[in-house]
Amino acid sequence: MDVTRDIDPDLLDKVINLAKRRGFVFQSAEIYGGFRSTYDYGPLGVNLLRNVKNAWWRAMVQTRHDIVGLDAAIMGPPAVWAASGHLETFTDPLVDCLVCKERWREDKIDGVCPNCGSTKFTAPRAFNLMFKTQAGPVEGEGSTAYLRPETAQGIFTNFANVLSTTRRKPPFGIAQVGKSFRNEITPQNFVFRTREFEQMEMEYFVAPAEAEEWYRYWIKTRLQWYVDLGIPAEMLQLHEHAKQDLSHYSKGTTDIEFLFPWGFDELEGIANRGDYDLTQHATHSGVALDYFDQSTNERYTPYVIEPAAGATRAMMAFLLAAYHEDEVEGETRTVLHLDWRLAPYQIAVLPLSKKPELEGVSTEVLSSLQPNFTCDYDVTQSIGKRYRRQDEVGTPYCVTIDFETLNDRAVTVRDRDTTTQVRVPIADLTHHFWHLTSG
Ligand code: GAP
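Because the structure is a prediction, the values reported are computed rather than measured. (Residues numbered from 1 in each chain as written. Predicted model: local features only at pLDDT ≥ 70, side-chain atom pairs only at ≥ 80, totals over all residues. Heavy atoms only, no water.)

## Regarding the sheet that holds strand β7 (residues 125-128)
Pairing in this open sheet of three strands is antiparallel, and the strands run β6-β5-β7 from one edge to the other. In the strand order of this sheet, the two ends are held by β6 (103-105) and β7, each with one partner. Adjacent strand axes in the sheet meet at a mean angle of 50° when their direction is disregarded. (Pairing = 2+ DSSP bridges. Helix = DSSP H or I, 4+ residues; strand = E, 2+ residues; numbered from the N terminus. Axes fitted to C-alpha atoms, helices over the stretch in contact; angles between N-to-C directions.)

## With respect to the pairing of strand β10 (residues 172-181)
Among the ten residues in β10, nine count as buried, and that is most of the element. Relative to β10, strand β3 (residues 67-69) runs parallel, the two sharing three bridges. Each residue of the ladder has a partner; that of Gly 69, found in β10, is Ala 175. Of the strand pairs in this sheet, β10 and strand β11 (residues 196-206) are connected by ten bridges, and their pairing is antiparallel. Each bridged residue has a counterpart across the sheet, and for Ala 175 the counterpart in β11 is Met 202. (Buried < 20%, exposed > 50% of the residue type's maximum accessible area, 1.4 Å probe, protein only.)

## Some details on the site of the ligand
Lining the immediate surroundings of the ligand are 21 residues, of which Glu 150, Glu 184, Thr 194, Glu 201 and Glu 266 lie closest. One nitrogen or oxygen atom from the main chain of Thr 194 is found 2.8 Å from a nitrogen atom belonging to the ligand. Assessed atom by atom at 2 Å from the grid points, the ligand resides in the largest pocket. Within the residue set of the shell around the ligand, elements represented by two or more residues are β11, β14 (263-274) and β17 (303-310). Per-element tally for the shell around the ligand: the top contributor is β14, with five residues. Here the residues of the shell around the ligand sort into seven nonpolar, four polar and ten charged. (Near = heavy atom within 4 Å. Polar contact = N/O pair within 3.5 Å; in protein donor to acceptor, adjacent residues only side chain to side chain. 1 Å grid on protein atoms, 1.4 Å probe; cavity = no way out; pocket = protein on both sides within 12 Å on 5 of 7 lines; lining within 4 Å. Sits in = over half its atoms within 2 Å of the grid points. Nonpolar A, V, L, I, M, F, W, Y, C, P; charged D, E, K, R; others polar.)

## Comments concerning the sheet that holds strand β21 (residues 375-377)
Across the sheet, which stays open at both edges, the five strands sit in the order β21-β20-β22-β23-β24 with mixed pairing between neighbours. Only two strands of the sheet have a single partner each, and these edge strands are β21 and β24 (421-425). Taken over all neighbouring pairs, the strand axes of this sheet differ in orientation by 25° on average, direction set aside. Two elements, strand β23 (residues 410-415) and β24, share five bridges in a ladder whose sense is antiparallel. The residue of β24 that forms the bridge with Val 413 is Val 422. This element, helix α13 (residues 429-437), spans β20 (347-351), β22 (397-401), β23 and β24 of the sheet and lies at about 160° to β22. (Contact = heavy atoms within 4.5 Å.)

## Topic: empty space enclosed by the protein
Within this structure, the stated rule accounts for one cavity of 30 Å³ or more. As a volume, the largest cavity reaches approximately 50 Å³. Every residue along the wall of the largest cavity is listed here: Leu 229, Gly 230, Ile 231, Phe 318, Ala 321, Ala 322, His 337, Leu 338, Asp 339 and Leu 342. A class-by-class count of the residues in the lining of the largest cavity yields seven nonpolar, two polar and one charged. (Points joined across faces, edges and corners; volume = space filled by probe spheres on them.)

## Things to note about the environment of Ser 180
With respect to the element layout, Ser 180 can be found in strand β10. Under the relative-accessibility criterion, Ser 180 is labelled buried at 0%. Here the side chain of Ser 180 touches Gln 199 through a polar contact of 2.8 Å, side chain to side chain.

## Thoughts on the pattern of salt bridges
Scanning the entire structure with this criterion turns up 31 salt bridges. Salt-bridge contacts for Glu 198 lead to Lys 53; the nearest nitrogen and oxygen are separated by 3.0 Å. Placement of Glu 198 in strand β11 and of Lys 53 in helix α2 (residues 43-62) is noted, with a sequence separation of 145 residues between them. Residue Glu 198 shares its accessibility class with Lys 53, and that shared class is buried. The residue Asp 408 makes a salt bridge to Arg 423 at a minimum N-O spacing of 3.3 Å. With Asp 408 in helix α12 (residues 405-408) and Arg 423 in strand β24, the pair connects residues that are 15 residues apart, well separated along the chain. Overall, Asp 408 belongs to the partly exposed group, its relative accessible area being 35%. With a relative accessible area of 34%, Arg 423 lands in the partly exposed category. (Salt bridge = Lys/Arg side-chain N within 4 Å of Asp/Glu carboxyl O.)

## Details of the layout of surface pockets
Where empty space is left becomes clear once a probe the size of a water molecule has been rolled over the atoms. The computed volume of the largest pocket comes to approximately 1,200 Å³. Around the largest pocket, the lining is made up of 45 residues, and of these Phe 90, Arg 105, Arg 182, Ser 247 and Glu 266 lie nearest the centre. Those elements that provide at least two residues to the lining of the largest pocket are α4 (86-89), β5 (91-96), β11, β13 (252-260), β14, β17 and α9 (311-322). With eight residues, the single largest contributor to the lining of the largest pocket is β14. In the lining of the largest pocket, the residues fall into 14 nonpolar, 13 polar and 18 charged. Asn 54, Ala 55, Arg 58, Leu 229 and Arg 341 are, among the 22 residues lining the second largest pocket, the residues nearest its centre. Elements represented by at least two residues in the lining of the second largest pocket include exactly α2, α7 (211-228) and α13. Of the residues belonging to the lining of the second largest pocket, the class tally is nine nonpolar, eight polar and five charged.

As structure tokens, this is what we get:
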């Protein structure tokens, strides 16, 4: 596979088109003309997105002894967002074009209106990105609530709960995956920047003296996660923020950037948040959020190292990196070289013919694989076309059942990437796939 190819200028359009045509991502409320920059995940997209989140959870929680999970509420009272600093500082600079009246985020347009080319704008004003709503039937100050703009704060507000119920001690982390909402002024580039999106965040609590070491550790570990799941290393780079560009809470931030079709752009941020969050919440709530180290007799507020990734944005990066066009038997084929763990379907079971003789053994094969693998079953069109359809959505293996199967109780297994085929006894099939996908 040539991973160093130049980026096709039509790549974004091709991936968006494939995502729509094959049921990965649909425009939300499409039958009503669509709801701008809001997307629904179709049958294949929901599998891919779930696999991205599961791979993250497996790497960050399941296979570690030092990180536990959490699922906090999406809606929160103003007190949380006053303490975190979001009410005051979670803003983008909003400008209006004086000619066409379109609204833009000033730092994204280089002084020229993308709509009409004018260079005349209102003075920028701070626009808060949080969605405000009412909780309960009575309107008024006391019922104001906000949709979370990041999952992180639910972790900080539960710090003491997790500490006391799990008896953890620093260094330890709390991980969370879930929806976040930001009223982005200019959502753009498909699911790259949307108003409703999913995050995968982990707050790692450490002794202040160890913060720098853990910050470096998490930058390296998170970068490797993307590489292990198939993103070519040359499509990733690190970008360390200059001191003057740091968020209000950060002592240091490094972005993992991916080579999107418009250039390198943020995929994930790893920040050293210092003791900002725990101190803020302790001060505003009056509840102590610190740690007493019995071995040294010291009480301290842990520093936080935060790897903050976007699940929907990562899904888009995996799709873009996987998309290839190559030649098979003199024909151009579209193929997604998705990692086995991410592919929406891992195996497609394809009876060669619709004839009833093959139906029994085909459903038997399907049922034997389904408990362990995500499978598709397709009996329509020629086998060549069905292989192409599976290649296009990234299915790593196709299992073909033919008339010979009725005699030899064996099937043909085709590999997506090499297109090679091997004959495997039905009795060995599950082991065959375990073997192919382990390690
Ligand atoms: N808790 C820190 C935090 O939220 P962030 O850099 O604002 O940091 C982390 O967000 C990640 O969430 C980003 O790197 C990106 O992948 C994703 N993300 C942020 N805003 C997004 C949006 N509007 N649409 C899609 N993904 C977004």
